[in-house]
Amino acid sequence: MEKQELNAKLNKFFQDPDWILVEEMINDYIDPLRDVSTINTDRPADAVMAEVAGRKLTVEKLTMFLRDARIIGQITRNKGGVSFK
């Protein structure tokens, strides 16, 4: 499939009025990952660092997906957590 054809198919998919439901669900999963206050800091430093790194990578990759889907404006909300941006 050529890039232009792929883009046309993706645009049709992401412009569906019900796409907002998927977007909200993704955001509900991303928000807790941004909140570093939920990380148990009683563990060894390397374990805490690994969790922070894992969360950061996850948020970055999901953000890239949302940016590619041209819905990046919706993922900047943060329910009191710390953003890794």
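(A) Here's a closer look at helix H2 (residues 19-34). Across its 16 residues, H2 extends 23 Å between first and last C-alpha, which sits within 8% of the 22 Å expected from 1.5 Å per residue. Taken residue by residue, H2 has Trp19, Glu23, Ile26, Asn27, Ile30, Asp31 and Arg34 as its buried positions. Where H2 is buried, its residues meet helix H1 (3-14) and helix H3 (45-68).

(B) View of the environment of Gly54. In this fold, Gly54 is placed in helix H3. Residue classification places Gly54 among the partly exposed positions, given a relative accessible area of 32%. As a C-alpha pair, Gly54 and Leu33 span 21 residues in sequence and 9.2 Å in three-dimensional space.

(C) View of a nonpolar patch on the surface. A cluster of nonpolar side chains, contributed by Met1, Leu6 and Leu10, occupies part of the molecular surface with about 290 Å² of accessible area. Within the secondary structure layout, Leu6 lies in helix H1.

(D) Here's a closer look at the pattern of salt bridges. Taken as a whole, this structure holds 3 salt bridges when the rule is applied. A salt bridge links Asp31 to Arg34, with the nearest nitrogen and oxygen atoms 3.4 Å apart. Highlighted residues: Asp31 and Arg34, both in helix H2, separated by 3 residues, approximately one helical turn. Judged by its relative accessible area of 1%, Arg34 is buried.

Analysis parameters
- Residues numbered from 1 in each chain as written.
- Predicted model: local features only at pLDDT ≥ 70, side-chain atom pairs only at ≥ 80, totals over all residues.
- Heavy atoms only, no water.
- Helix = DSSP H or I, 4+ residues; strand = E, 2+ residues; numbered from the N terminus.
- Expected span 1.5 Å × (residues − 1).
- Buried < 20%, exposed > 50% of the residue type's maximum accessible area, 1.4 Å probe, protein only.
- Contact = heavy atoms within 4.5 Å.
- Patch = residues over 30% accessible without salt bridge, like charges linked within 9 Å, V, L, I, M, F, W, Y side chains within 5 Å.
- Areas by Shrake-Rupley, 256 points an atom, 1.4 Å probe, with all protein chains shown as cover.
- Salt bridge = Lys/Arg side-chain N within 4 Å of Asp/Glu carboxyl O.

Honestly, that's just the spatial picture; any functional story needs more than this.
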